[in-house]
Amino acid sequence: MGIIVWCVLFAIVIFFAFVATRMAAQNKEDSLHDTGLAIIEFGRAFPNEAIRQLQATENSQAIFVRLHDNKAGLMRNMARHFSCHLIEPGRVRAVSTETGKGLMIEFLDAPSHNGRFEFASPKEASEVALWLLGNYIAEPDKDLPSDSVSAANKQ
């Protein structure tokens, strides 16, 4: 009778070990490879924002979202859930990485999202930088004063 109890306990331990390793492997595989998922999740978080374009990082752990009114957003894999962040104008800083294929981004409103984002090519990184550049300029600063003449026009 004792050997049967030990076999059952051993089988239960093996079963829990198998389930735990499968859950860990699934968490490692979870990413934003599916852009349809990104559209659905970002749309659920911000239903009033129209998405124009998506750009995923090289490891697909983050997707940058270009919105209809020249705003931008970020959707990031945060282990067990996806975090969506709407980037407010003037509340982000970005610097190119030494590889030229990435950006070091600091979100002033959401420091937990700060980090290094590498893209598949320098073209993709520069495109995301341009989206963020639109967010650097606050709305009142976008209009040029009508009475000022640029240096190029003073000839």
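Structure's up top.
Computed from a prediction, not measured in an experiment: that's the story for all the values here.

**Q** Honestly, the pairing of strand β4 (residues 81-87) in this entry has me stumped. Any pointers?
**A** Side-chain positions along a regular strand alternate between the two faces of the sheet. Two strands pair when backbone bridges link them, and strand β3 (residues 72-78) and β4 are joined in this way by 7 bridges, in the antiparallel orientation. Note that in β4 the partner of Met78 across the bridge is His81. Taken together, β3 and the strand that follows it, β4, pair antiparallel across an intervening segment of 2 residues, in which Ala79 is found at a positive phi of about 70°.

**Q** In this structure, what is going on with unusual backbone geometry? I would like to understand it.
**A** Despite not being glycine, Ser60 has its phi angle at roughly 60°, a positive value. Within the secondary structure, Ser60 is located in the loop between β1 (51-56) and β2 (62-67). On the basis of relative accessible area, Ser60 is assigned to the buried category, the value being 9%.

**Q** Explain the environment of Phe107 here, please?
**A** Within the fold, Phe107 resides in strand β6 (residues 102-107). Separated by 13 residues in sequence, Phe107 and Ala94 have C-alpha atoms that sit 8.7 Å apart.

**Q** For this particular structure, what's the right way to read the packing of aromatic side chains?
**A** Describing an aromatic ring pair means giving the distance of the ring centres and the angle of the ring planes. Applying the stated rule across the entire model yields 5 aromatic pairs. When the ring of Phe42 is compared with that of Phe46, the centres are 5.1 Å apart and the planes differ by 45°; the resulting orientation is tilted. Plain terms: the ring middles of Phe107 and Phe117 are 6.5 Å apart, the flat faces sit at 80° to each other, and that makes the pair edge-to-face. Placement of the pair is Phe107 in strand β6 and Phe117 in strand β7 (residues 115-118), with a sequence separation of 10 residues. For the pair Phe107 and Phe117, a shared accessibility class is recorded, and that class is buried. Counting every residue linked through ring pairs, the aromatic cluster contains Phe64, Phe107, Phe117 and Phe119.

Reading the values: rules and limits
Residues numbered from 1 in each chain as written. Predicted model: local features only at pLDDT ≥ 70, side-chain atom pairs only at ≥ 80, totals over all residues. Heavy atoms only, no water. Pairing = 2+ DSSP bridges. Helix = DSSP H or I, 4+ residues; strand = E, 2+ residues; numbered from the N terminus. Buried < 20%, exposed > 50% of the residue type's maximum accessible area, 1.4 Å probe, protein only. Phe/Tyr/Trp six-rings, centres within 6.5 Å; stacked < 30°, edge-to-face > 60°.

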